[in-house]
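Chain residues, written in single-letter form:
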Amino acid sequence: MTTYFNEMFQDGNVRSPYARLEGWTRDMPADLRLAKQAEAEALFRRIGITFAVYGEGGDPDRLIPFDMFPRVFTANEWAKLERGIKQRARALNAFLVDVYGRGEIVRAGRIPAGLVYQNAAYERAVAGFVPPKGVYSHIVGIDIVRTGPTDFYVLEDNCRTPSGVSYMLESREMMMRMFPDLFRENRIEPVDNYHEILRRTLASVAPAKCDRDPTIVILTPGQFNSAYYEHSFLADLMGVELVEGQDLFVDGEYVYMRTTEGPKRVDVIYRRIDDAYIDPLCFRADSMLGIPGLMDVYRSGGVSICSAPGAGVADDKAVYTYVPEMIRFYLGEEPILNNVPTWKCAGADDLGYVLSNLGELVVKEVHGSGGYGMLVGPKSTKLQIEQFRALILANPGNYIAQPTLALSTTPTFVDQGIAPRHVDLRPYCLVGERIELVPGGLTRVALTEGSLVVNSSQGGGVKDTWVLAE
Amino acid sequence: MLLSVDHVTRYEYDRPVRGVVQSHRLTPTKFAGQRTISWNVSVSGGTMGGGFRDGAGDWVQAWSVAGPVSHIEVRVHGEVETTDLAGVLKGSRESVSPEAYLRETPFTNFDPALRALGAAALSEDILSSAHAMSASVSAAIAYRPGSTHAHTTAAEALAQGEGVCQDHAHALLALARSQGIPARYVSGYLQSSNDGMAHEAAHAWAELNVPGFGWIGFDPANQCCPDERYIRLGSGLDAQDAAPIRGVSRGQGIEKLLVTVAVQTQQQ
């Protein structure tokens, strides 16, 4: 029987960060709780924060469930997490600059050449190019789980366009609106300056040719994208234009945005479109979403693209296993945050182990995301395991496996009252001239009893995440 | 050898388009086998955009043309002094790892027939393997203009047993890469002559990476390695990636393409 670390209750006692929440829930009448939950849902519905689920059909305007019970970290816990996250973001960016440059880490034999250069996310088109300030991944989303009082593991890195930060901001907004007293009784670090830091980060990587206050835009694939709400939300907060490919065009050495007052030069593009689609002249010729000629302007220093094309080579699940090596190699430091031990099915020994222990392991696709195409051994039927075995055998290199982690739980409002549910954490680290992150992140919660899959596409919900001031 | 190039690409649109953006790889590569005497590229009504040397050492130059416009002419004129280096790309400056040229693309996927040809030509010595692969592509695909089109894949060309230089190059890339030898597509020019060989003045061939030598050119269409009759422009994973001109027009006009190329020996 696995035991799970409960972040609020230990041996019948309430852990200190949650001390003031005990009374809050004890004193809250059931009807008030239901009323508040309905209020939260109505507010989310009104602002239109919904999440379309890929590949499942159903209601594209489904609300992502919001749980009112906050998840809390002490200042000390956060200080360690913050150091670990920043360390990782630095190493990932150093790796990207290196593998598009001299490739020292490959030459030194610390990571296999094929894993880097034959990676589908490695963009030959940007080899030899160093983006402004040497930053490839400007928003690094690092998924972290907790298994004990001081035990944290990084599940995966997201170096391209991690989503979900709007939920972090909206959850806080919602809690402050519904429970202002809680924010007087607890000293909670603010997160509402995220958009200011994001704007400052993007401005700090404007191209050298830009000699004025840079014009920033957010490039979205359009309103049918599942994260469209977030794109427009961030554009509003930062006071920048939200554009689609057709709103931008290349003329001479620069990119321009069509406006009612005529063309306006654009200096920094925060893109939420995949590499393959951003420029039909460089990548997929059939892309209708991109801007023809954008990559030539980018590579000749006329515009910055965040994250930089090619950043994806740092965050696939096979490269992930080498991040601790990156930290040692580039920074000369020991990793502050642990990696989850990972078996790579590409190797015969690892494959053998994985196939013999499928019932105990979590198996994931190397390029998968969103909780799709994965097997959670202990939660699967024999039939599901056998079906997955066939998939792995057909293409071993496409899979990695990890032990099933005992994800921590936090109290969560459920139909029967309050019960522990498993959670993870995605902080958003911003990398420009400086490396910054707001205290906290997005806590995702697996609302189904016993479930360890927190992805919103798999029925997970979100919580407000508190970091207490010293 | 002193070669002169006159290359005109004319795009005609049946209805005026609102604008055109192009990306060119139309500048001779800097390497020991060629020295540029003069070189000029112009685009009618065009504005020169950003230019840069990419990681493979190619000069990439952007152009844009503001519409409405019903035709565009890209003119290339220049002179290059060439030296026969037996295909070896000596003295080029590049930073891309050869391992980046091992992947399949839609044009070069490892069809079982291509893979089998590659395996049959593979021996201990990579240089001998490269020659054998090039020879087997020459033997398997007859040169026949008009037998294929711009989107024909290596597998299709092999299956029908005929093609043009683009198909030969794609097939050789698939053979080499399927056996773990890095290979890339090269576009350039070839001196025109009337000796009955497969001369296409706007030409393409392949380069394979051979330990100890670096990149070596192989031209299966002409059963040789590039010599002083060749001018090298740029490279990529396949014909689309290495295209001398990639362009997109905004508007509904249907495009018609007219190309003339002359590559001739100048008296020294």
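Residues numbered from 1 in each chain as written. Chains lettered and ligands numbered in written order. Predicted model: local features only at pLDDT ≥ 70, side-chain atom pairs only at ≥ 80, totals over all residues. Heavy atoms only, no water.

In terms of helices and strands, chain B carries four helices and 12 strands. Taken over the C-alpha trace, chain B has a radius of gyration of 18 Å; the compact-globule value for 268 residues is 18 Å, and the two agree within 12%. Taken along the three principal axes of its C-alpha coordinates, chain B extends 55 × 45 × 40 Å. Here chain B holds 268 residues, and the buried ones make up 55% of them. Long-range contacts, defined here as pairs at least 24 residues apart, represent 74% of the contacts in chain B between residues at least 6 apart. Counting only carbon and sulfur atoms, one obtains 52% of the accessible surface of chain B, whose full area is about 11,000 Å². For chain B, the centre of its 20 positive side-chain charges and the centre of its 27 negative side-chain charges are spaced 8 Å apart. (Helix = DSSP H or I, 4+ residues; strand = E, 2+ residues; numbered from the N terminus. Rg over C-alpha atoms; globule rule 2.2 N^0.38 Å. Buried < 20%, exposed > 50% of the residue type's maximum accessible area, 1.4 Å probe, protein only. Contact = heavy atoms within 4.5 Å. Areas by Shrake-Rupley, 256 points an atom, 1.4 Å probe, with all protein chains shown as cover. Lys, Arg positive; Asp, Glu negative; His and termini not counted. Charge placed at Lys NZ, Arg CZ, Asp CG, Glu CD.)

So, about empty space enclosed by the protein. Tallied over the full model, the rule gives two cavities of 30 Å³ or more. Reported here for the largest cavity is a volume of approximately 150 Å³. The wall of the largest cavity is formed by 18 residues, among which Phe 31, Gly 87, Pro 226, Asp 227 and Tyr 230 of chain B lie closest to the centre. Contributing elements (two or more residues each) for the lining of the largest cavity: strand E8 (202-210) and strand E10 (230-236) of chain B. A per-element tally of the lining of the largest cavity places E10 of chain B first, with three residues. Looking at which domains feed residues into the lining of the largest cavity, each of domain 1 (2-81 + 245-265) and domain 2 (86-236) of chain B supplies at least three. Counted as a void, the second largest cavity has a volume near 40 Å³. Pro 131, Pro 132, Val 135, His 138, Val 205, Tyr 298, Ser 304, Ile 305, Cys 306 and Ala 308 of chain A together form the lining of the second largest cavity. In terms of residue class, the lining of the second largest cavity is built from eight nonpolar, two polar and no charged. (1 Å grid on protein atoms, 1.4 Å probe; cavity = no way out; pocket = protein on both sides within 12 Å on 5 of 7 lines; lining within 4 Å. Points joined across faces, edges and corners; volume = space filled by probe spheres on them. Domains from an automatic or database assignment. Nonpolar A, V, L, I, M, F, W, Y, C, P; charged D, E, K, R; others polar.)

Two faces belong to every sheet, and in a regular strand the side chains alternate between them. Residues and elements named next belong to chain A. In terms of burial, strand E22 (residues 442-446) is a largely internal element, five of the five residues being buried. Neither face of E22 is left uncovered, since the one carrying Leu 442, Arg 444 and Ala 446 and the one carrying Thr 443 and Val 445 both have all their residues buried. Pairing between E22 and strand E23 (residues 460-467): four bridges, direction antiparallel. Considered in E23, the bridge of Arg 444 is made with Val 462. (Pairing = 2+ DSSP bridges.)

Turning to the sheet that holds strand E7 (residues 241-243) of chain A, a few remarks are in order. Residue and element names in this part refer to chain A. If you walk across this open sheet you meet the four strands as E7-E6-E11-E12, and the pairing is parallel. Two strands bound the open sheet, and with one partner strand each, they are E7 and strand E12 (304-306). Strand after strand, the sheet turns through a mean of 30° between neighbouring axes, direction not considered. Note that strand E11 (residues 268-271) and E12 share three bridges and pair parallel. The residue of E12 that forms the bridge with Tyr 270 is Cys 306. Helix H9 (residues 228-238) rests against strand E6 (216-219), E7 and E11 of the sheet, and its axis sits at about 150° to E7. (Axes fitted to C-alpha atoms, helices over the stretch in contact; angles between N-to-C directions.)

With that settled, consider the layout of surface pockets. Residues and elements named next belong to chain B. Estimated volume of the second largest pocket: approximately 1,200 Å³. At the level of elements, strand E1 (2-24), helix H4 (165-178), strand E7 (183-190), E8, strand E11 (245-250) and strand E12 (255-265) are the ones that each hand at least two residues to the lining of the second largest pocket. At six residues, the largest contribution of residues to the lining of the second largest pocket is made by E1. A class-by-class count of the residues in the lining of the second largest pocket yields 24 nonpolar, 13 polar and three charged.

Before going further, it helps to examine the domain arrangement of chain B. Residue and element names in this part refer to chain B. Each domain of chain B was delimited in the assignment, giving domain 1 (2-81 + 245-265) and domain 2 (86-236). Here the C-alpha centre of domain 2 lies 24 Å away from the C-alpha centre of domain 1. Every contact between the two is made by 22 residues of domain 1 and, on the other side, 25 residues of domain 2. The interface formed by domain 1 and domain 2 includes one salt bridge. Our enumeration of links across domain 1 and domain 2 arrives at nine residue pairs in polar contact (both at pLDDT 80 or more). The set of elements that each furnish at least two residues to the side of domain 1 that touches domain 2 consists of E1, strand E2 (34-43), strand E4 (59-82) and E12. (Salt bridge = Lys/Arg side-chain N within 4 Å of Asp/Glu carboxyl O. Polar contact = N/O pair within 3.5 Å; in protein donor to acceptor, adjacent residues only side chain to side chain.)

All names here are of chain B. One way to put it is that helix H1 (residues 112-121) packs onto helix H2 (residues 126-140) with a least axis distance of 8 Å and a crossing angle of 135°. It follows from the interaxial angle that H1 and H2 lie oblique. For the pair H1 and H2, the sense of crossing is right-handed. In this structure, H1 contributes Leu 117, Gly 118 and Ala 121 to the contact, and H2 contributes Ser 129, Ala 132, Met 133, Ser 136 and Ala 140. Looking at the contact of H1 with H2 residue by residue, the class counts come to five nonpolar, three polar and no charged. (Parallel < 35°, antiparallel > 145°, perpendicular 65-115°, else oblique. Left-handed = near helix turned anticlockwise from the far one by under 90°.)

Here the focus is the pattern of salt bridges. Note that side chains of opposite charge can pair when their charged atoms are close. Residue and element names in this part refer to chain B. Counted according to the given criterion, the structure contains 42 salt bridges over all chains. One salt bridge in this structure joins Arg 10 and Glu 73, with 2.9 Å as the shortest N-O distance. On the criterion of sequence distance, the pair formed by Arg 10 in strand E1 and Glu 73 in strand E4 is long-range, its members being 63 residues apart. In this structure Glu 73 comes out as buried when scored by relative accessible area, which is 19%. Arg 229 is paired through a salt bridge with Asp 227; the nearest N and O atoms lie 3.1 Å apart. Look at the salt bridges and you will find they share partners, linking Arg 25, Asp 54, Asp 58, Glu 94, Arg 184, Glu 207 and Arg 232 into a network.

Here we take up the sheet that holds strand E16 (residues 375-376) of chain A. Residue and element names in this part refer to chain A. Here four strands make up an open sheet; going across it, the order is E14-E17-E15-E16 and the pairing antiparallel. The open sheet has two edge strands, strand E14 (343-344) and E16, and neither has a second partner. Both E14 and strand E17 (residues 399-403) contribute to a ladder of two bridges, which runs antiparallel. Bridge pairing links Lys 344 to Ile 400 in E17.

On average, residues of chain B score 93 in pLDDT, and 97% of them reach the 70 mark or higher. Element-level mean pLDDT values for chain B span from 89 in E12 of chain B up to 98 in strand E9 (residues 214-218) of chain B. (pLDDT = per-residue confidence, 0-100.)

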